[in-house]
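The lines below spell out each chain.
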Amino acid sequence: MAETPLHEVPSLLGSSQTALPITGTESRTTIELSPEGKRGVAMLLAAAPSSRGRLYLVLEHLRGTLDATVLQVYVGWNAAARTHLLAGSWGLFGLRMASLQYAGEPGNGLDKSFDISALLSSALPDAGAELSVRIVPNRPLPAPAKLVVEHLSVAYRPPN
Amino acid sequence: MATSYQNDLRLRTAVFTLSLVAWLVMLWPGPAAPAGANNPGYHTVTYCGSAGAFPVSYALPGPALPTATAVPALTWGWASGWGVMLVAMMLPTLVPPLSHVYSRSFVQRRAQAIGLFLVGYGTVWLGVGVLLLALQALAQYAAPNVYLRVAGAVLLALGWQVSPLKQRCLNRGHRHPALAAFGWRAEWDALRLGLEHGAWCAASCWALMLLPLLLPYGHVWAMALVGLLMFCERLDPPAQPAWRWRGFKTAIGYGRLRLLGARSNSYSLLAQR
């Protein structure tokens, strides 16, 4: 396999355009890749899996009041198995305190990174694709309550 | 999300190098100031651009203290000098927000985003600089006695340093909101972060920044100490607002670490067993 210049892959590949509210049983959004991000994904897909470095799905500033919730976070779509790919689970312990207003401003909320390096080929089968994200609470969220993820992004860390 | 170690190191190196260059520019000896009431006879440097109008002496106090320090006129020269002073003193405190902007921006927008952040931050501090000059003039009018004026400035700076309000401002400075990555919102978010961070930074530091302006001598030494204190108090995590000493312990620890190296502690002693 040809050597690819992985040091040219940018650290931020893609980002969500808007905040993602999580209500009811599930929520979906897509993360759009930048032109450099698409080139970076093409380089990563061309590289040997063992030398790719790490790819992360980053969820920032999740705010809400439902601490006793666990979110299942899925990315992409496995056509063969007709299922979404599980990036990981996220228990929201401490969410309410982290979301409390302070001097008129909301708290920072919770942040979480999921290592999706192993899912790259399935989640982003070609460099022009967007990364779809699906978030499923462990139980349906009651109607007046909602969780909001302010920002989602895909970040890359090169191999050491 | 954090920048990778190499990117972080590159950013820190650039920031501290720029700050060092700005310090060297400020310390560069200017022409000897003419003899007069405000002239202690030492070589002075100016950061106002108009030589002699705003002498910033780095000499230690001499026997004869002037009764007043000339308040500089608001000129482009003053603004550029104020900018150099900001780079020297404040740039090292901006590593966390700069790292935040760096890591949240796409490669092709990164320089623009960092530039807009700095423009917003600098604009706020330029306005605050004008207010500090007004305070300097007011202090000289209200307290012609230099000892009284300096004592008042020291008390004011210490009072603000230990106040809960200062902790509130520092806490807000630690806040890094999400930044949009696409479109005009990316530029606006970077500029807004610069304005917000500048406002909270100025609100937490104004009293410390006023202190060197009111000293008759030793401005640069005072600026260096104040700069170190401001850098170190930002190394402390956000805390509950309360009356307490803040920054000094970290500054002493930081200075000791840099000058004497890491102390052997129980952990290292355990490791040697």
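Residues numbered from 1 in each chain as written. Chains lettered and ligands numbered in written order. Predicted model: local features only at pLDDT ≥ 70, side-chain atom pairs only at ≥ 80, totals over all residues. Heavy atoms only, no water.

Draft legend 1. View of the overall build of chain B. Looking only at helices and strands, chain B has 10 helices and 2 strands in total. Along chain B, from the amino end to the carboxyl end, the secondary structure elements read α-β-β-α-α-α-α-α-α-α-α-α. Evaluated residue by residue, chain B yields a buried proportion of 47% over its 273 residues. Intrachain contacts of chain B at a sequence separation of at least 6 include 75% that bridge at least 24 residues. Counting every atom, chain B has about 13,800 Å² of accessible surface; 70% of that belongs to carbon and sulfur. (Helix = DSSP H or I, 4+ residues; strand = E, 2+ residues; numbered from the N terminus. Buried < 20%, exposed > 50% of the residue type's maximum accessible area, 1.4 Å probe, protein only. Contact = heavy atoms within 4.5 Å. Areas by Shrake-Rupley, 256 points an atom, 1.4 Å probe, with all protein chains shown as cover.)

Draft legend 2. Looking closely at the pairing of strand 1 (residues 12–15) of chain A. All names here are of chain A. Both strand 1 and strand 9 (residues 147–157) contribute to a ladder of 3 bridges, which runs antiparallel. In the sheet register, Ser15 faces strand 9, and the bridge partner there is Ser153. The pairing of strand 1 with strand 3 (residues 27–33) spans 2 bridges and is classified as antiparallel. Note on strand 3: the bridge partner recorded for Gly14 is Leu33. (Pairing = 2+ DSSP bridges.)

Draft legend 3. Expanded view of the packing of helix 3 (residues 95–103) of chain B against helix 4 (residues 107–142) of chain B. All names here are of chain B. Two numbers describe how helix 3 lies on helix 4: the axes approach to 9 Å, and their chain directions differ by 145°. Judged by the twist between their axes, the crossing of helix 3 over helix 4 is right-handed. For the pair helix 3 and helix 4, contact is made by Pro97, Leu98, Val101 and Tyr102 and by Arg110, Ala113, Ile114, Phe117 and Leu118, respectively. A per-class count over the contact of helix 3 with helix 4 returns 8 nonpolar, no polar and 1 charged. (Axes fitted to C-alpha atoms, helices over the stretch in contact; angles between N-to-C directions. Left-handed = near helix turned anticlockwise from the far one by under 90°. Nonpolar A, V, L, I, M, F, W, Y, C, P; charged D, E, K, R; others polar.)

Draft legend 4. Fine view of the packing of aromatic side chains. Residues and elements named next belong to chain B. The tally for this structure, following the rule as stated, stands at 7 aromatic pairs over all chains. With a centroid separation of 5.7 Å and 70° between ring planes, the pair formed by Trp245 and Phe248 is classed as edge-to-face. Its guanidinium or amino end placed over the ring of Tyr102, Arg110 lies 4.1 Å from that ring's centre, counting from NZ or CZ. (Phe/Tyr/Trp six-rings, centres within 6.5 Å; stacked < 30°, edge-to-face > 60°. Lys NZ or Arg CZ within 6 Å of the ring centre and 35° of its normal.)

Draft legend 5. Main features of a nonpolar patch on the surface. Residue and element names in this part refer to chain B. Judged by side-chain polarity, Val154, Leu158, Trp245, Phe248 and Ile252 come together as a nonpolar surface patch covering roughly 470 Å² of accessible area. Counting residues per element, the ones that place at least two in the nonpolar patch are helix 5 (146–161) and helix 9 (248–260). With respect to the element layout, Ile252 can be found in helix 9. A residue is classified by how much of its surface remains accessible, and Ile252, at 54% relative accessible area, is exposed. (Patch = residues over 30% accessible without salt bridge, like charges linked within 9 Å, V, L, I, M, F, W, Y side chains within 5 Å. Salt bridge = Lys/Arg side-chain N within 4 Å of Asp/Glu carboxyl O.)

Draft legend 6. Looking closely at helix 6 (residues 164–173) of chain B. All names here are of chain B. Most of helix 6 sits out of view: 7 of its 10 residues are buried. For helix 6, the set of buried residues is Lys166, Gln167, Cys169, Leu170, Asn171, Arg172 and Gly173. Looking at the packing, one finds that the buried side of helix 6 touches helix 5, helix 7 (183–214) and helix 8 (219–233).

Draft legend 7. Looking closely at the nonpolar core. By size, the foremost hydrophobic cluster in this structure holds 54 residues, and its most contacted members are Met85, Met89, Met90, Leu98, Trp125, Met209 and Met230 of chain B. By residue number, the principal contributor to this core is helix 7 of chain B, which donates 12 residues. Apart from the residues lying within four places of it in its own chain, the contact partners of Met230 of chain B are Met89, Met90, Thr93, Cys205, Leu208 and Met209 of chain B. Counting residues in each nonpolar core, the second largest holds 42 residues, with Leu33, Leu62, Leu95 and Leu131 of chain A among its members. (Core = buried A, V, L, I, M, F, W, Y, C linked by side-chain atoms within 4.5 Å.)

Draft legend 8. Region of the structure containing the pairing of strand 9 of chain A. Residues and elements named next belong to chain A. Counting buried positions along strand 9 gives 8 out of 11 residues, so the element sits mostly inside the fold. Relative to strand 9, strand 2 (residues 20–22) is paired through 3 bridges, and the arrangement is antiparallel. The residue bridging Ile22 from the neighbouring strand is Leu147, located in strand 9. Relative to strand 9, strand 4 (residues 54–63) runs antiparallel, the two being bridged by 9 bridges.

Draft legend 9. Quick look at the interface of chain A and chain B. Across the contact, 25 residues belong to chain A and 24 residues belong to chain B. With both chains or domains summed, chain A and chain B bury close to 2,000 Å², and 51% of this area falls on carbon and sulfur atoms. For the chain A face of the interface with chain B, the top three residues by lost area are Leu12, Tyr102 and Glu105 of chain A, together amounting to 27%. Between the two partners, chain A and chain B, sit 1 salt bridge. With a shortest N-O distance of 2.4 Å, Arg104 of chain B and Glu60 of chain A are connected by a salt bridge. At the boundary of chain A and chain B, one finds 6 residue pairs in polar contact (both at pLDDT 80 or more). Listed by contribution, the elements that provide at least two residues to the side of chain A that touches chain B are strand 1, helix 1 (35–46), strand 4 and strand 9 of chain A. Examining the composition of the side of chain A that touches chain B, we find that 5 residues originate from one element, strand 9 of chain A, more than from any other. The residue inventory of the side of chain A that touches chain B, partitioned by class, reads 9 nonpolar, 9 polar and 7 charged. (Buried area = accessible area lost by both parts, 1.4 Å probe. Polar contact = N/O pair within 3.5 Å; in protein donor to acceptor, adjacent residues only side chain to side chain.)

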